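# Commentary on secondary and tertiary structure
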Amino acid sequence: MENVKQVLREMKLDNWTAALLTGAACGAGALVLLVQKVCRHQEVKDKIQRARNRRADSLQRAEQAVLQYKKSHPGTDADLILAMSLSELTNNLQEGLLSPEDVFYSYMEKTLDVNKDLNCCTGILLESFDQLKTVAPKKESLLYGVPVSIKENYAYKNHDSTCGVIVNLDQPAQKDSVIVEVLKRQGAIPFVKTNLPQALLNYDCGNPMYGQTVNPHNLQKTSGGSSGGEGALIGGGGSVLGFGSDAGGSIRIPASFCGICGLKPTAGRLSGFESHLSRAEIGVVISRTNGEGRGQSGSGYAGAAL
């Protein structure tokens, strides 16, 4: 009988030991999961901060370049340039009445100014300053010397195209999208990327990396989405020609909200290759003034999307 009691006591002790070991293992597992979650959260914060730092650096460097140009070219009439419609601007550029440099720096300065209030830019394309120096041989091209803005989801070499999604950060494009290639070939100068909502699936315009874009006519209201950065920038006068995308109103809605005109092209008319877009989504936003294509707001700036 004593032997049986001894065995039972040992079994009870073994059960307690097993329970303690199991509890300890579960606790350790939970701690590992918690540490992993904290690390992933910190990695996400670091990725977002790097993206914001890149944007801040590009804006600062662009602002310094604008100040230097204004100092060396005090006679540039930026107001006159910004008041021109796209057709007037291209005619004056091709006829030599305006220089690409004056036009480029006028719009760069206006973009930097507009962005301070609207938060519509995800970054300045600093390569545009180098492209400006090589644009002269393309004087006969359709968009010679015209600075253009592009929605953030358009691939531009060595720049992220996140579509507003954190997981796509730190994955710069290996080459330009077809649209960007064609624009450059036609003498245009892509100089800024504009904001959009997460995954482009929203009629608002904001994301965790770059924040909320607001309306150029009322800072308490949205610019619309998903091409809200383009709508805000053009509605505020910071771009004369911008490319967005539209599957279910993503150009048309921001155009309406920002007092410009929106026009969606026939599916497949423009290439979406390397732009995270379907053939049906590509669109163009064109800012025009002096009553040409005037938008709903009746403001000095109006636009269209093709």
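Just so it is clear, the model here is predicted, and its values are computed rather than measured.

Moving on, we come to the environment of Ser 250. The topology assignment puts Ser 250 in the loop between β8 (241-245) and α8 (252-257). Accessibility expressed as a relative area gives 8% for Ser 250, which makes it buried. Leaving out residues up to four positions away in the same chain, Ser 250 has contacts with Lys 151, Leu 200, Gly 225, Ser 226, Ser 227 and Ser 245.

The tally for this structure, following the rule as stated, stands at 9 salt bridges. Its salt-bridge partner being Asp 176, residue Lys 184 comes within 2.8 Å of it at the nearest N-O pair. It is possible to trace a salt-bridge network through shared partners that takes in Arg 50, Arg 54, Asp 160 and Asp 170.

Residue Gly 225 is joined to Ser 226 through a cis peptide bond whose omega torsion reads 10°. Its identity as a non-glycine residue notwithstanding, Asn 119 has a phi of 50°, on the positive side. Along the chain, the position of Asn 119 falls in the loop between α4 (100-118) and β1 (121-124). Backbone geometry places Ala 199, a non-glycine residue, at a positive phi of 60°. The residue Ala 199 is located in the loop between β3 (189-194) and β4 (206-207) in this model.

Turning next to the pairing of strand β7 (residues 218-222). If a strand is regular, its side chains alternate between the two faces of the sheet. Of the strand pairs in this sheet, strand β6 (residues 214-215) and β7 are connected by 2 bridges, and their pairing is antiparallel. Across the sheet, residue Val 214 finds its bridge partner in β7, namely Thr 222. Connecting β6 to the antiparallel partner β7 that follows it, the hairpin turn spans 2 residues.

Below, the discussion takes up the confidence of the model for the protein chain. Averaged over every residue, the pLDDT of the protein chain is 85; the share at 70 or more is 81%. Here residues 288-306 scores under 50 on pLDDT; set against residues more than four positions off or in separate chains, the count is 76 contacts.

Enumeration according to the criterion identifies 6 aromatic pairs in this entry. Ring centres 6.3 Å apart and planes at 70° place the aromatic pair Phe 104 and Phe 191 in the edge-to-face group. One end of the pair, Phe 104, is in helix α4; the other, Phe 191, is in strand β3, and 87 residues separate them in sequence. Look at Tyr 154 and Phe 243: their rings are 6.4 Å apart centre to centre, the planes differ by 85°, and that puts the pair in the edge-to-face class. Of this pair, Tyr 154 sits in the loop between β2 (147-151) and α6 (178-185) while Phe 243 is found in strand β8, placing the two residues 89 residues apart along the sequence. The same class applies to Tyr 154 and to Phe 243, which are both buried. Through successive ring pairs, a cluster of aromatic residues spans Tyr 69, Phe 104, Tyr 105, Phe 129 and Phe 191.

With that settled, consider α6. What α6 keeps buried is the set Ile 179, Val 180 and Leu 183. Buried residues of α6 fall within an arc of 95° about the axis and therefore sit on the same side. One or two steps after α6, the chain reaches Gly 187, where phi turns positive at roughly 90°.

As for its position among the elements, Asp 102 is in helix α4. Of the buried charged residues, Asp 102 lacks a salt bridge, with Lys 70 as the closest side chain of opposite charge at 12 Å. Separated by 2.5 Å, the side chains of Asp 102 and Tyr 69 make a polar contact.

The next point concerns the nonpolar core. In this structure, Leu 89, Val 146, Ile 150, Leu 183 and Leu 241 are the most contacted members of the largest nonpolar core, which totals 25 residues. Counting residues per element, the ones that place at least two in this core are α2 (78-82), α3 (86-94), α4, β2, α6 and β8. Discounting residues that sit within four places of it in the chain, Leu 89 has contacts with Ile 81, Met 84, Leu 98, Val 103, Tyr 107 and Val 240.

Right, let's talk about a nonpolar patch on the surface for a bit. On the surface, a cluster of nonpolar side chains totalling about 370 Å² of accessible area is made up of Leu 31, Leu 34, Val 35 and Val 38. By the element assignment, Leu 34 lies in helix α1 (residues 2-72).

For Ala 199, a relative accessible area of 35% gives the class partly exposed. Once the C-alpha coordinates of Ala 199 and Gly 164 are considered, the two residues, 35 residues apart in sequence, prove to be 5.6 Å apart. Setting aside residues up to four positions removed in sequence, Ala 199 forms contacts with Cys 163, Gly 164 and Val 165.

Further remarks concern helix α7 (residues 228-235). Buried residues dominate α7, accounting for 8 of its 8 residues. Taken together, the buried positions of α7 are Gly 228, Gly 229, Glu 230, Gly 231, Ala 232, Leu 233, Ile 234 and Gly 235. Following α7 by one or two positions, Gly 237 has its phi on the positive side, about 90°.

Calculation notes
- Residues numbered from 1 in each chain as written.
- Predicted model: local features only at pLDDT ≥ 70, side-chain atom pairs only at ≥ 80, totals over all residues.
- Heavy atoms only, no water.
- Helix = DSSP H or I, 4+ residues; strand = E, 2+ residues; numbered from the N terminus.
- Buried < 20%, exposed > 50% of the residue type's maximum accessible area, 1.4 Å probe, protein only.
- Contact = heavy atoms within 4.5 Å.
- Salt bridge = Lys/Arg side-chain N within 4 Å of Asp/Glu carboxyl O.
- Pairing = 2+ DSSP bridges.
- pLDDT = per-residue confidence, 0-100.
- Phe/Tyr/Trp six-rings, centres within 6.5 Å; stacked < 30°, edge-to-face > 60°.
- Arc of directions from axis to C-beta.
- Lys, Arg positive; Asp, Glu negative; His and termini not counted.
- Polar contact = N/O pair within 3.5 Å; in protein donor to acceptor, adjacent residues only side chain to side chain.
- Core = buried A, V, L, I, M, F, W, Y, C linked by side-chain atoms within 4.5 Å.
- Patch = residues over 30% accessible without salt bridge, like charges linked within 9 Å, V, L, I, M, F, W, Y side chains within 5 Å.
- Areas by Shrake-Rupley, 256 points an atom, 1.4 Å probe, with all protein chains shown as cover.

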